[in-house]
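# Chain and residue survey
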Amino acid sequence: MMNSLFLLLFILFGSAILSYIGHRISETLGNIIVVVGAFSASIWFFVGFETPAEFSYKIADFDALWSFSSYSWIFAALVSILSPLALLYSTSYMKGKERLGTFYFNFFLSILGMIGITMSQDFISLFIFWEIMTWSSYLIVIYLGKDVEKVGIKYMIFSAIGAYALLMGIVLINREVGSLLIEDAFAYFPQIQFSTQLLIGILLLIGFSIKSAMMPLHVWAPGAYSNSPMSYTAVFSGALSKMGIYGLGLVFIRLLSSGEFTLINEIFAWAGAITTLMATFYAIIQDDAKKLLAYSSIGQLGYIIVGVAIGTELSIMAAIYLAILHAAFKGNLFMAIGAVEKQTGSTDMTLVTGLIRKMPLTFFSTLVSIIALAAVPPLGGFVGKWMLYQSLLASEHFFLIIVIFTASTAAFLYSFKILYSLFLGQEEPEFKNIKEAPLPMLIPMILLSLFLIVTGTFPGILFEPIANGMKYLGFNDVNWNMSLLVNAWGDEVNLQHVSMYIGTIFIVAFIFISLKNRKRTRYVTTKDISTSGEIPLPHENLSFKLNFYKPFERAISPVMKKTMDSIYDEIGNGLNALFQFIRYIYSGNGQGYALYVIIFFVLLLLLKNQIFGL
């Protein structure tokens, strides 16, 4: 009988092959295979496993083991919920595109890689699945053929740096521990010399931090997120980035758990906070919704990194909770922006506007996700941020709170920008015939919106599996009395009552706005205004949303003059100059090489006393 874990990977790999063949025959057949394969794998993940499920084997002389820990199960469940929804969405979003077989083949391989990472209980399996995830995601990043040389190469270079860092750390672990099983590394790590412990920790942290888009290792993310098809970016940002968070949790909590590594924790906590703040600033100044969400994703991951690096019981619970919520609301936002792109042909917020009446369900999904992102009650972002703030207060990280709170407040600016620019502005004539997104795109968006509403009102739905997962990290008997917000589900703040009150306000406001003077309302465009007698030309956009944040941009410009891209470009130019110089030395000229040999022997004779002590 086939092992249930192996069967899960077999379903995913089989779906990749069959979807490729199916799309070679017809798009409809390929899409049916995609949906059936995606949901089959998801259903099997939740109902098909015996307990406990394990699969062991050998690679050369190394023991390998597959199974889900209570911690890794959380991240695997996240992938198993978000991926089939994104693939269902994709059947409409990608309709009519070329090379769909290649796209879906790599999509399924990417999912397989993520599931494999979470079930790997040995480092060699983890590294293999990590590479499968990386290469398949790279092929999707360059799928549309936009800025391939710039975006694709940057993504691959940073992925290679991360992979080599992980591989070097794994080699050192095997040398010191004599085993590649993750549990063996946890058990014997304290016996390793401190300098080697530090080196292993730094190498692993670099590898996982790159996938988490932590500054200054983030420069691949804005282009990769915004250039990928939106149906994949929902998983790219929502789930794939969490593989880095998953690894950071293992390293910080299980490997570097002694007090000797406090400085490392502090450095990464501050790096996460700076990531949050700077990425938020960059998001505010974007005019393309895809680029805005890309920077927003980086910023939201920063909150999670802070929680993981602080390492207290409450901060870890906040980090994992925010990781789950981020997957839902950011996946939903990328889907919503993808729907706008599909229906209008653009995500330029200076051009696309006034879609609330044309795409009301897409607006609803965007609104719910924005509320969760901005940490406004009663949705889950509020719960997660509250716990994070409280954990920082309890651990006396007061300056970190200032940075985090500043970033969280500034996030309101780009949240409002998305809502107003795309949905609430003036209706333009060129968008008068726009229709709502197709049903396969709407269903995942509505389901994710309902998930955000339910988990915000009843956070215990997520806290229970998170608490179980934290036991694997060493936090036993996790209880919710550590947060004033959620102890006993309402002794301090009754989230159900908050939801009811805010929901009532929204309903009353909607009815009032819809009915008040509806017959006398005249919808105008940005051209239907007075400009001191001047008549605006058709190409002139006079909406006040254009350059609305210019004063803010001027205020933050001093801290944004030097971007990490420019720094990496300077490093690249320096390396290029060095290599050019080396080319002059290694010219391929035999006479030149003979001269080098003579010079070498002359120097050897002149310096023989100093070198050999003769």
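For the structure given in this document, a descriptive report is provided here. (Residues numbered from 1 in each chain as written. Predicted model: local features only at pLDDT ≥ 70, side-chain atom pairs only at ≥ 80, totals over all residues. Heavy atoms only, no water.)

Taken together, the side chains of Ile571, Leu575, Leu578, Phe579, Phe581, Ile582, Tyr584 and Tyr586 make up a nonpolar region of the molecular surface, amounting to roughly 880 Å² of accessible area. Locating tyrosine 584 in the fold gives a position in helix α21 (residues 564-585). (Patch = residues over 30% accessible without salt bridge, like charges linked within 9 Å, V, L, I, M, F, W, Y side chains within 5 Å. Areas by Shrake-Rupley, 256 points an atom, 1.4 Å probe, with all protein chains shown as cover. Salt bridge = Lys/Arg side-chain N within 4 Å of Asp/Glu carboxyl O. Helix = DSSP H or I, 4+ residues; strand = E, 2+ residues; numbered from the N terminus.)

Attention now moves to the packing of helix α4 (residues 100-119) against helix α5 (residues 123-141). Where α4 meets α5, the axes come as close as 8 Å, and the angle between the chain directions of the two elements is 155°. As the angle between them shows, α4 and α5 are arranged roughly antiparallel. The chirality of how α4 crosses α5 is left-handed. Here Phe103, Asn106, Phe107, Leu109, Ser110, Leu112, Gly113, Met114, Gly116 and Ile117 of α4 come into contact with α5, specifically with Leu126, Phe129, Trp130, Ile132, Met133, Ser136, Leu139 and Ile140. Across the contact of α4 with α5, the residue classes tally to 13 nonpolar, 5 polar and no charged. (Axes fitted to C-alpha atoms, helices over the stretch in contact; angles between N-to-C directions. Parallel < 35°, antiparallel > 145°, perpendicular 65-115°, else oblique. Left-handed = near helix turned anticlockwise from the far one by under 90°. Contact = heavy atoms within 4.5 Å. Nonpolar A, V, L, I, M, F, W, Y, C, P; charged D, E, K, R; others polar.)

Where helix α8 (residues 194-211) contacts helix α10 (residues 230-255), the two axes come as close as 7 Å, and the packing angle between them is 155°. Comparing the axis directions of α8 and α10 gives the class roughly antiparallel. Viewed along their axes, α8 and α10 form a crossing whose handedness is left-handed. For the pair α8 and α10, contact is made by Gly201, Leu204, Leu205, Phe208, Ser209 and Lys211 and by Leu240, Ser241, Met243, Gly244, Gly247, Leu248, Val251, Phe252 and Leu255, respectively. When its residues are assigned to classes, the contact of α8 with α10 shows 9 nonpolar, 5 polar and 1 charged.

Grouped together as the largest cluster of nonpolar side chains are 191 residues, with contacts concentrated most on Phe107, Met114, Ile115, Trp220, Phe236, Phe252 and Ile466. Ranked by residues supplied to this core, first place goes to helix α13 (residues 313-344) with 21 residues. Counting contributing residues per domain, this core is built from domain 1 (1-257) and domain 2 (261-519), each supplying no fewer than three. Dropping the residues within four chain positions of it, isoleucine 466 is found in contact with Ile74, Met317, Ile320, Tyr321 and Ile324. (Core = buried A, V, L, I, M, F, W, Y, C linked by side-chain atoms within 4.5 Å. Buried < 20%, exposed > 50% of the residue type's maximum accessible area, 1.4 Å probe, protein only. Domains from an automatic or database assignment.)

Take α10 next. Here α10 spans 36 Å end to end across 26 residues, near enough to the 38 Å set by a 1.5 Å rise per residue. Within α10, the axis deviates most sharply at phenylalanine 236, by approximately 35°. Of all the 26 residues making up α10, 26 are buried; the element is thus mostly covered by neighbouring parts of the structure. (Expected span 1.5 Å × (residues − 1). Bend = angle between axes of the 7 residues up to and from the residue.)

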